[in-house]
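Next come the chains, spelled out residue by residue.
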Amino acid sequence: MVNTSNLAYAYENGTELAFPDIGLTPGKHLLVIGASGVGKTTFLHLMAGLLPPLKGTVSINGTDLNLLTRREMDKFRGENIGFIFQQYHFIKSLNVSDNLRLRQSFPINSNDKKRRQELAKRLGLANHLHKNVTALSQGQRQRLCIALGLIHRPKIIFADEPTSNLDDTNSEKVIELLKEEAKICKSSLLIITHDQRVKSHFQNHIML
Amino acid sequence: MKLGYLAFKNMVSKPLNLLLSLLLLSLSVSLVTFVLQLSQQLGGQLSKNIAPFDMVVGAKGSPLQLVLSSVLHVDVPTGNIKLEEASKLQKHPFVQTAVPVSYGDNYKGFRILGTPPEYIDQYNAQLSKGTLYNMPFEVVAGSSVAQRLGLQLGDSFISSHGLAASGGETHKEHPFIVKGILEPTGAVVDQLLITNLESIWEAHDHGEDEHHDEDGHHEEDEHHDEDGHHDEDGHHDEDGHHDEDGHHDEDGHHEEDGHHGEKEITSLLIKFKSPLGMVQLPRFINENTSMQAALPGFEVQRLMGLLGSGVKTVNGVALAILLVSALSIFISLLKTIRERRQELALLRTYGLRTGQLLGLALLEGVFLAFIGFVLGWLLGRLGIWGVSQYTQASYGYALQIKSPELLEIFLLGLILVLAMIATLLASRSIFNLNVAKTLSDV
């Protein structure tokens, strides 16, 4: 599913960072654990094609990201990858339902209302679909961001510190939710975290 | 979901910014379109009204006033001239037609004009009902007058003295009767009640009037309000009721002068046979007679020239506001694009290309410009409507609410281009948006 080899990145200040090779088979999950500041997020951005590597290759689902043009990369990312960011990102001028609908519309135009309702129901957002996103609680925002990472049934879900802001109970819940949704969508999960609590939930993990 | 929907939602998510930008934009648009319409319609109306006549001969005074009063029927006349003297001009070789007009009365604010039927022909006005007038006190009503006052054939009415609706003695002994109603012409004829010269003379013929004394008094008392126009020929009632306040004749009285039999008219409207007349006759009349000749074309041009500088000033102000509104759109978009950097980066992860993000910003700018234009245009037309109510009531001239004109479409184009330039300048940061860094920024 995701394979990297000899991946390295050079920061603007000249610091170079090399990353271990990973190989993730379809449907399997991977946990990347590392302390703050070791380049976890950079690793994730490299794998998602958001940053250009200094050297090395990333291939997702058999596609070598280095070979894609900028435009093809945008389309590929939109279609195959779902993101769950550490910070909550959504469009503030749209309500919950429209945020989900917007994610469905690109890059392949779809307007699957059933999918939205079903996902919102499972994530406890069914009664909030027509709420303005700014009116949501922190927990609801987090669940909306998870929904935004899953709604288009991506092949791979990159989650960056999904539990860092949560207490033990909620952290458990979110991990279970992610695993469950990934299973339903037949997606692979790649989670990067410094949170040791997450470790016990996944068989595969590497340290950075 | 279409990008247009998102752009719209983004636009309305900042109501105060939106309000300010729209306010500035619509203000400038309304100013430009309002002034444009006003000057165009006024100019069009004026040239249509003066078209039939090349020269107007009346009592000495301001030539502009003479044209305004005798041709456009908005001002008070400069005074009267003797029919006998004016008639000599009718035989002049350069003169094709000469139409005498005489007035001084109104019915509910609409002027009653004494003139031969030729006058109606000059404006190509056709009768829609009835016949022309043959006898004194028979009247043909212009279409607007008939419509506004609900006049029907056979209706009779009593005129009031003077040109203003309020005040003034009424000529109870001489009711007018409506014999015909004209088709609309869009010219000043629509606003007039037309009768023959004799009606005017008879209505004011105090020598044979049994209410002579009473009338004489009223005449002087009721018209004190209209001042400012001094008439050198100011005539007094023959019975010796001199104006105690020293007022000259200023409201177009047409009562006969001291010596009976000498008919007076207010002015003579002349169409030339040859352009030479335009060169020679006015000077001849002004130098050799007690009358004054004025050229409507020249006077209207002078008037429009005065108006034109006003139009230019307002347009300048409107342009300045337009530039300020473009600046406000620029600043507001610059601010919101900065604020939305993370949302734009998020959209990049959804698979949107840089070009699509730019399109999103452009759509927002264009929406704003378009809505601003439409609001401003409506506001401008509302202004025209308001002014029309006023001019209709005071001068009998109505302005039309017209559909968008070519020049206004150009204005829309200009505004759209300005808005796009402002948006592009404001959205340069989209081109070097660092998605990875922006998304991980706290």
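See the structure shown above.
What comes next is a walk through the structure. Please read all numbers here as calculations on a predicted model, not as lab measurements.

This paragraph deals with the overall build of chain B. Counting secondary structure elements, chain B contains 14 helices and 13 strands. Residue burial in chain B is summarised as follows: out of 442 residues, 45% are buried. For chain B, the proportion of contacts with a sequence separation of at least 24, taken over those separated by at least 6, is 77%.

All names here are of chain A. The strand order across the open sheet built from five strands is β7-β8-β9-β4-β10, with neighbouring strands paired in parallel fashion. Each edge of the open sheet is held by one strand with a lone partner, namely β7 (81–84) and β10 (205–207). Direction aside, the axes of adjacent strands within the sheet are offset by 15° on average. The pairing of β7 with strand β8 (residues 156–160) spans four bridges and is classified as parallel.

Below, the discussion takes up the interface of chain A and chain B. Contacts between chain A and chain B engage 26 residues on the former and 19 residues on the latter. Contributions of two or more residues to the side of chain A that touches chain B are made by α1 (40–47), α2 (70–80) and α3 (96–105) of chain A. Ranked by residue count, the leading element in the side of chain A that touches chain B is α2(A), at six residues. Per-class residue counts for the side of chain A that touches chain B are nine nonpolar, eight polar and nine charged.

Residue and element names in this part refer to chain A. Orientation of α3 relative to helix α5 (residues 138–150), taken along the N-to-C sense of each, is 25°, at an axis distance of 9 Å. Considered as vectors, α3 and α5 are oriented roughly parallel to each other. Between α3 and α5 lies a crossing of right-handed hand. For the pair formed by α3 and α5, the contact residues are V96, N99, L100 and R103 on the first element and L144, A147 and L148 on the second. Here the contact of α3 with α5 is built from residues that sort into five nonpolar, one polar and one charged.

Residue and element names in this part refer to chain A. Spanning 18 residues, helix α6 (residues 168–185) covers 26 Å between terminal C-alpha atoms, matching the ideal 26 Å at 1.5 Å per step. Residues of α6 that are buried include every one of V174, I175, L178, E181 and A182, and no others. Burial along α6 is one-sided: seen end-on, the buried residues are contained in an arc of 135°. In α6, the exposed positions that point more than 90 degrees away from the buried face belong to D168, T169, E176, E180 and K183. Looking at the buried positions of α6, the neighbouring elements they touch are α5, β8 and β9 (188–193). In the segment just after α6, K186 is the residue with positive phi, at about 55°.

Here the focus is the environment of S290(B). Residue and element names in this part refer to chain B. Inspection of the secondary structure assignment puts S290 in the loop between α9 (275–288) and β13 (291–294). Note on S290: 12 C-beta atoms within 10 Å, which makes it exposed. Sequence separation between S290 and K82 is 208 residues, and the spatial gap between their C-alpha atoms is 9.7 Å.

Below, the discussion takes up the nonpolar core. Membership of the largest hydrophobic core comes to 101 residues, with the highest contact counts inside it found for M47(A), A147(A), I157(A), F158(A), L190(A), A419(B) and A422(B). For this core, the leading source of residues is helix α2 (residues 15–50) of chain B, giving 11 residues. With residues near it in sequence (within four places) discarded, A422(B) still touches A326(B), I329(B), F330(B), L333(B) and G365(B). Within the second largest apolar cluster, 60 residues are counted, among which are I50(B), I81(B), L89(B) and I181(B).

On to the environment of E172(A), then. Residue and element names in this part refer to chain A. By the element assignment, E172 lies in helix α6. Using a count of 16 C-beta atoms within 10 Å as the deciding quantity, one classes E172 as partly exposed. A C-alpha to C-alpha distance of 33 Å links E172 and K75, two positions 97 residues apart in sequence.

A few words on the pairing of strand β4 (residues 30–33) of chain A. Residues and elements named next belong to chain A. One ladder, built from four bridges, connects β4 with β9; its direction is parallel. Following the sheet pairing, L31 is matched in β9 by I191. Direction of pairing for β4 relative to β10: parallel, over a ladder of three bridges. Bridge assignment links L31 to a residue of β10, and that residue is H205.

What counts and what doesn't
- Residue positions are given per chain, counted from 1 along the sequence in the order it is written.
- Here chains are named by letter from A upward and ligands by number from 1 upward, in the order in which they appear as written.
- Under the rules for a predicted model, residues below a pLDDT of 70 receive no local features and side-chain atom pairs below 80 are neither given nor counted, while totals for whole chains, interfaces and linings still include all residues.
- Only DSSP runs of H or I covering at least 4 residues are called helices, and only runs of E covering at least 2 are called strands; the numbering of each starts at the N terminus.
- Residues with at least 20 neighbouring C-beta atoms inside 10 Å of their own are called buried, those with 12 or fewer are called exposed, and the rest are partly exposed, where every C-beta is derived from the backbone.
- Any pair of residues counts as being in contact when their C-beta atoms, constructed from backbone geometry, are within 7 Å of one another.
- For two strands to be treated as a pair, DSSP must find at least two bridges joining them.
- Lines fitted to C-alpha atoms define the axes here, with helix axes fitted over just the stretch in contact, and angles between the N-to-C directions of these axes take values from 0 to 180 degrees.
- Residue classes follow a fixed rule: Ala, Val, Leu, Ile, Met, Phe, Trp, Tyr, Cys and Pro count as nonpolar, while Asp, Glu, Lys and Arg count as charged, and any other residue, Gly among them, counts as polar.
- Any angle that is under 35 degrees is reported as roughly parallel, and any over 145 degrees as roughly antiparallel; angles of 65 to 115 degrees are reported as roughly perpendicular and all others as oblique.
- The handedness criterion is simple: a crossing whose near helix is rotated anticlockwise from the far helix by less than a right angle is left-handed, and one whose near helix is rotated clockwise is right-handed.
- For a helix, the expected span equals 1.5 Å multiplied by the number of residues minus one.
- This arc describes the spread of directions from the helix axis toward the C-beta atoms.
- Put simply, a nonpolar core is buried Ala, Val, Leu, Ile, Met, Phe, Trp, Tyr and Cys residues tied into one set by C-beta atoms within 7 Å.

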